[in-house]
Amino acid sequence: MPPSADLTLVDAAGVALAVGKLGDLLAEALGGDHGAVFLAGIPTRGVILARRLKNELARHGIEAGCGAVDIAMYRDDLGLRGGVTPLRGTELPMGIDKWTIVLVDDVQQTGRTARAAIEAVLGFGRPRRILLAVLADRGGREIPIRPDFTALELSARPGAKVRVRFAETDDGTEGVFEE
Amino acid sequence: MSRSLNIRGGRIIDPAAGRDESGDIFIADGIFVSSPVAGAQEIDARGLVVCPGFIDMHVHLREPGQGAKETIETGTKAAAAGGFTSVVAMPNTNPVADHPGIIAWMEERAARFGAVNVFTTGAITVGSQGDQLAPIGSMAQAGIVAVTDDGRCVQNHEVMRRAAEYCGLFGLPILDHCQDASMAGPEAMMHEGYWSTVLGLPGWPRMAEEIIVARNVLLSEATGTPIHCQHLSAAGSVRLLREAQARGVRLSGEVCPHHLTLTDEALAGYDTNFKMNPPVREQPDIEALLGGIADGTIGILATDHAPHAVYEKEVEFAAAPFGIVGLETAVGVFCEVLLHRRQVIELPRLVAMLTSNPAKLLKLDRGTLAPGAPGDVTLLDPQREWTVDREVFASKGRNTPFHGWKLRGRAVRTIVGGRAVWELAS
Amino acid sequence: MIWTRKDLLGISALSAEEIVFILDTAAEFKDVGKRRLKKVPSLRGKTLINFFVEASTRTRTSFELAAVRLSADVVNITATTSSLAKGESLKDTAKNLEALAADLIVLRHSAAGAPQFLAERLEAGVINAGDGSHEHPTQGLLDVFTVRERLGRIEGLKVGIVGDIRFSRVARSNIWALTKLGAEVILIGPPTLVPREFERAGARISHRLDDVLPELDVVNLLRIQHERQKAGYFPGTGEYAALFGLNAARAARLKPGALVMHPGPIHRGVELDGSVADGPHSVILDQVTNGLAVRMAVLYLCASVALREEA
């Protein structure tokens, strides 16, 4: 159960629909001649979402690799945002140059996370293409990076945080909440 | 300013005269007399202990040559603020006080600027280098009360034997800073033990002090010259002293406040306020020193007041000079540890260890309240609670390990030659 | 947990959790070394000063490379090139460096406690690269990292440290790291060079390498220094090598899979034979690689706190 102060923006059923929609959008954009596709989730919940998207793509007949890209080393705010927590590990394919890398995150706001993720991926090599897929875009861009695929466009009160919860990471809760 | 006082109603403790009773003390023109002095200032000493002025026989006044650390003026003011009416100045000045000219300079300077009485000591050897005897006879004429190479220790036992023989001619005791340089050389920085191992600092083993105490036992026994072992720190030194004294050897010892209260664990933070020579050691050493005080083996308390300029101590540990100040905290620490916390001795013994005992060793004409003696008095409040604040020290030095300590016991007034040179602000 | 220290002065003050945090972070940074672009922007625009009052080429190079891979700007200062040679105090020199906006200072100094002295007075993060005989924390960390990477764990292992323990900061840092993580530490060397006080820290002491060799999972060999020979701590490198050198015959008695380590530089024929240094048990070169990763981790973690305090 979410904390009582939170406002439910999207319930569990809505999340399932959104994930499906995201998979549809992605599959359509990749088309037939998609080459090697890799879903790189941004920890923590982006990784959960990436795994679910992998299943969605499989339903569309697209086989995709799945991993994670930890952006901690690429952030532009070391020291500004409270203490550092342990690094979570990056798994990207070897020989990245042939691959289409789809960065996957749960919520997009300022764009800084996406920027860091792009830089992290480029540290591994020169992928064929980088795409950005997010479950929810809540606006408030500070860097001109817009997701290629968005399932939910939400707005929230200024200063409030928009949080996605997945069963695997949040004690069985599913939904999008405003905190 | 008048040098006559009537001090009324205090508890009079005068170990030299065997007195411990309530009563009044009178000073006329700077000398104790047996009846009240008409027109003299009245001092109410009720609730206080009236002692002969305390004597600190181990003080570094740093003049000549090291005035940035302390001067005779500031050092004696610190003494007064600590309740001391007499200090014995060590000769490891710059230049070393190893000939009568320097002694005369110090005596003259003290007469002009000293807030309390200053007694001088001369070096045993030229430059305290441990080779040739200094002109001890001439220095005796200039007024020294003892010889010492303090800061250093004569390593060559034959030289020390000659010195002991020679001093007999002048009736001067030798004060020895007991440190064997082969076991504890100039790089030795703290007690050799668990903490020196863990901190990676070169150790100063107990044995380096004990071995020299042992040689002093033999030399004193052979020559008859009194040898006084300074700032004792090691358990074995107390044992050697006790055994020698039992045989009638004229060996004495002194102990400083830090060796009764601090252990080597205090150095874990590399704080240079705990870097002194000899180093603070372990709890068993503290127990042995307290035992030595309890049974009279150790008869004298002193400070080894060693001021340094702030910038000299605020460096990496290896580069810091040894030493801490002590004049303004000693009485408090001694009362706190010996009277209150550990209850090792009673007040009259404490007073003796600061008055009659050092006076006797150094043949000083003071350390007593008996009529005819110079009118030096320390008014002590053994229960007075206070907190050490190094920022208000009269000494130039701020290097104390006791900053912030809550102590019970403090001098409240210091009187030298019938004149109050310091009084605790209420 | 969150990393909260702006300085790394030694391992003795760290908790087991903090040590593991550093090791896990180092593992991530080791992976960076395998990428095409071996650099991350974490310390871009920040300044690190390698202040090596006591000389060292290998450690300094390792720290410099670690900083460069974090995109920091690096300045190297030695005792001779610094104003310390002109009599300026350590404190004033460091204050001057800070006035030049140094964010991190890596200090190697012959005086134990010197990094702590600076850390207490500077806002910059201070990393101890070796202070006298006290500690060399990044060496201790890279040593346990290497063991963990190769053997999968630290707890329950028997680790022998051989040589001049008395004067070794590497030995001390290793003793703390290993005991905190649950290993059994055995200190091996001549009685004059192995202080009994370390038993109080939880270590075992042996003066016969041959007796304990077969039970060791790791043998860490320390450099034997000529200064000790001159000061009378042991009679000579020949006798030392005969009693405590890990020669080929001794190496043959090692457990299968046992690791041979050395902080470097090695004296072939004294602490160990050339064949052992190059042999299957040796992880000496891994130590160097891991040193880089560990130092990147340490700089990254301490910077996150030091920079916060500036902001």
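Residues numbered from 1 in each chain as written. Chains lettered and ligands numbered in written order. Predicted model: local features only at pLDDT ≥ 70, side-chain atom pairs only at ≥ 80, totals over all residues.

Student: Looking at this model, I keep getting lost on the overall build of chain C. Mind explaining?
Tutor: Along its length, chain C carries 12 helices and nine strands. Against the globule reference of 19 Å for 311 residues, chain C gives a C-alpha radius of gyration of 19 Å, in line with a compact fold. Structurally, chain C occupies a C-alpha span of about 55 × 45 × 35 Å along its principal axes. Of all 311 residues assigned to chain C, the portion counted as buried reaches 52%. Long-range pairs, those at least 24 residues apart, make up 74% of the contacts in chain C between residues at least 6 apart in sequence. (Helix = DSSP H or I, 4+ residues; strand = E, 2+ residues; numbered from the N terminus. Rg over C-alpha atoms; globule rule 2.2 N^0.38 Å. Buried ≥ 20, exposed ≤ 12 C-beta atoms within 10 Å, placed from the backbone. Contact = placed C-beta atoms within 7 Å.)

Student: Before we go on, may I ask you to explain the interface of chain B and chain C in this structure?
Tutor: For interface size, the figure often reported is the accessible area lost on association. Every contact between the two is made by 14 residues of chain B and, on the other side, 20 residues of chain C. Split by residue class, the side of chain B that touches chain C holds nine nonpolar, three polar and two charged. (Nonpolar A, V, L, I, M, F, W, Y, C, P; charged D, E, K, R; others polar.)

Student: How should I be thinking about the sheet that holds strand β2 (residues 73–78) of chain C in this particular structure?
Tutor: Whenever strands of a sheet pair, they do so through backbone hydrogen bonds, lying parallel or antiparallel. All names here are of chain C. If you trace the four strands from one edge of the open sheet to the other, you get β2-β1-β3-β4, paired in parallel fashion. Every interior strand has two partners, whereas the edge strands, β2 and β4 (125–131), have only one. Direction aside, the axes of adjacent strands within the sheet are offset by 15° on average. Two elements, strand β1 (residues 47–52) and β2, share six bridges in a ladder whose sense is parallel. Across the sheet, the residue bridging to F51 is I77, located in β2. (Pairing = 2+ DSSP bridges. Axes fitted to C-alpha atoms, helices over the stretch in contact; angles between N-to-C directions.)

Student: It is not clear to me how the domain arrangement of chain C should be interpreted in this structure. Could you clarify?
Tutor: Residue and element names in this part refer to chain C. According to the domain assignment, chain C contains domain 1 (16–133 + 289–310) and domain 2 (137–287). Taking the mean C-alpha position of each, domain 1 and domain 2 sit 26 Å from one another. Facing the 18 residues of domain 1 at the interface are 18 residues of domain 2. At the level of elements, α1 (16–32), β4 and α12 (284–310) are the ones that each hand at least two residues to the side of domain 1 that touches domain 2. Among the elements that make up the side of domain 1 that touches domain 2, the one with the highest residue count is α12 (six residues). By residue class, the composition of the side of domain 1 that touches domain 2 is eight nonpolar, seven polar and three charged. (Domains from an automatic or database assignment.)

Student: Mind showing me how you'd approach the confidence of the model for chain C here?
Tutor: Detailed conclusions should not be drawn from predicted coordinates in areas where pLDDT is low. Taken as a whole, chain C shows an average pLDDT of 92; of its residues, 96% reach a score of 70 or greater. Across the interface, the model reports ipTM at 0.90; the global pTM reads 0.90. (pLDDT = per-residue confidence, 0-100.)

Student: How do you make sense of the sheet that holds strand β6 (residues 54–59) of chain B when you look at a structure like this?
Tutor: Residue and element names in this part refer to chain B. Spatial strand order, β6-β7-β8: three strands in an open sheet with parallel pairing. Each of the sheet's edge strands pairs with one partner strand only, and the pair in question is β6 and β8 (117–120). Sheet twist, expressed as the mean angle between neighbouring strand axes with direction ignored, is 25°. Bridge count for strand β7 (residues 84–89) against β8 is four bridges, and the pairing is parallel. Each bridged residue has a counterpart across the sheet, and for V87 the counterpart in β8 is V118.

Student: I keep staring at the nonpolar core and nothing clicks. Help me out?
Tutor: Taken as a class, soluble globular proteins show a tendency for nonpolar side chains to be buried jointly. Counting residues in hydrophobic clusters, the biggest one holds 294 residues, and the most contacted among them are A:A40, C:L104, C:I105 and C:L299. In terms of residue count, the dominant contributor to this core is α12(C) (14 residues). Both domains that meet at this core, namely domain 1 (16–133 + 289–310) and domain 2 (137–287) of chain C, each give it at least three residues. Not counting residues up to four positions away in its chain, the partners in contact with C:I105 are C:I49, C:F51, C:A94, C:L97, C:L118, C:L122, C:A124 and C:V126. (Core = buried A, V, L, I, M, F, W, Y, C linked by C-beta atoms within 7 Å.)

Student: In this structure, what is going on with helix α2 (residues 58–69) of chain C? I would like to understand it.
Tutor: Residues spaced three or four apart along an α-helix point in a common direction, a consequence of the helix completing one turn every 3.6 residues. Residue and element names in this part refer to chain C. Compared with an ideal rise of 1.5 Å per residue, which puts 12 residues at 16 Å, α2 spans 16 Å between its outermost C-alpha atoms and is within 8% of the ideal. Among the residues of α2, T59, S62, F63, A66, A67 and R69 are the ones counted as buried. Along the long axis of α2, the arc covered by the buried residues comes to 165°, so they all point the same way. S71 lies just past α2 and shows a positive phi near 70°. (Expected span 1.5 Å × (residues − 1). Arc of directions from axis to C-beta.)

Student: What's the story with the interface of chain A and chain C in this structure? I'm lost.
Tutor: Facing 16 residues of chain A, the contacting portion of chain C comprises 21 residues. Across the side of chain A that touches chain C, the residue classes tally to eight nonpolar, seven polar and one charged.

Student: Just to check I follow, could you spell out the packing of α1(C) against helix α5 (residues 137–151) of chain C for this structure?
Tutor: Each pair of packed helices gets described by two things: the angle between the helix axes and the distance between those axes. Residue and element names in this part refer to chain C. At a closest axis distance of 10 Å, the pairing of α1 and α5 adopts a crossing angle of 70°. Here α1 is positioned roughly perpendicular relative to α5, judged by the angle of their axes. Once α1 is placed against α5, the crossing between them reads as right-handed. Each of I22, L23 and A26 in α1 lies in contact with α5, whose residues at this interface are L141, V144, F145 and R148. (Parallel < 35°, antiparallel > 145°, perpendicular 65-115°, else oblique. Left-handed = near helix turned anticlockwise from the far one by under 90°.)

Student: It is not clear to me how the environment of B:R46 should be interpreted in this structure. Could you clarify?
Tutor: Residues and elements named next belong to chain B. Residue position: R46 is located in the loop between β4 (41–44) and β5 (49–52). C-alpha of R46 to C-alpha of S182: the two residues are 136 residues apart in sequence and 54 Å apart in space. Among all residues touching R46, those that are not within four sequence positions of it are G9 and G10.

Student: Help me understand unusual backbone geometry in this model?
Tutor: Generally, phi is negative for residues other than glycine and the peptide bonds are trans, each holding for most cases. Residue A:T44 is reached from A:P43 by a cis peptide bond, and omega for that bond is 5°. Looking at where A:T44 falls in the secondary structure, it is placed in the loop between β2 (36–41) and α2 (45–59). Of the consecutive residues C:G264 and C:P265, the connecting peptide bond is found in the cis state with omega at -10°. Within the element layout of this structure, C:P265 appears in the loop between β9 (259–261) and α11 (274–277). With phi around 55°, B:K363 is a residue other than glycine that occupies positive phi space. With respect to the helices and strands, the residue B:K363 is situated in the loop between α13 (356–361) and β16 (377–387). Accessibility expressed as a C-beta count within 10 Å gives 11 for B:K363, which makes it exposed.

Student: I keep staring at the environment of A:A151 and nothing clicks. Help me out?
Tutor: Residues and elements named next belong to chain A. For A151, the position within the fold is in strand β6 (residues 149–153). Expressed as a C-alpha distance, the spacing of A151 and A133, which sit 18 residues apart in the sequence, is 8.6 Å. Those residues in contact with A151, other than ones at most four positions away along the chain, are A18, K21, L22, L135 and A136.

Student: Looking at this structure, I do not really get the pairing of β5(B). What am I missing?
Tutor: The side chains of a regular strand alternate between the sheet's two faces. Residue and element names in this part refer to chain B. Pairing of strand β1 (residues 5–14) with β5, which is carried by two bridges, proceeds in the parallel orientation. Paired with R11 across the strands is V49, a residue of β5. As judged from the four bridges shared by β5 and β16, these two strands associate in the antiparallel manner. Considered in β16, the bridge of V50 is made with L379.

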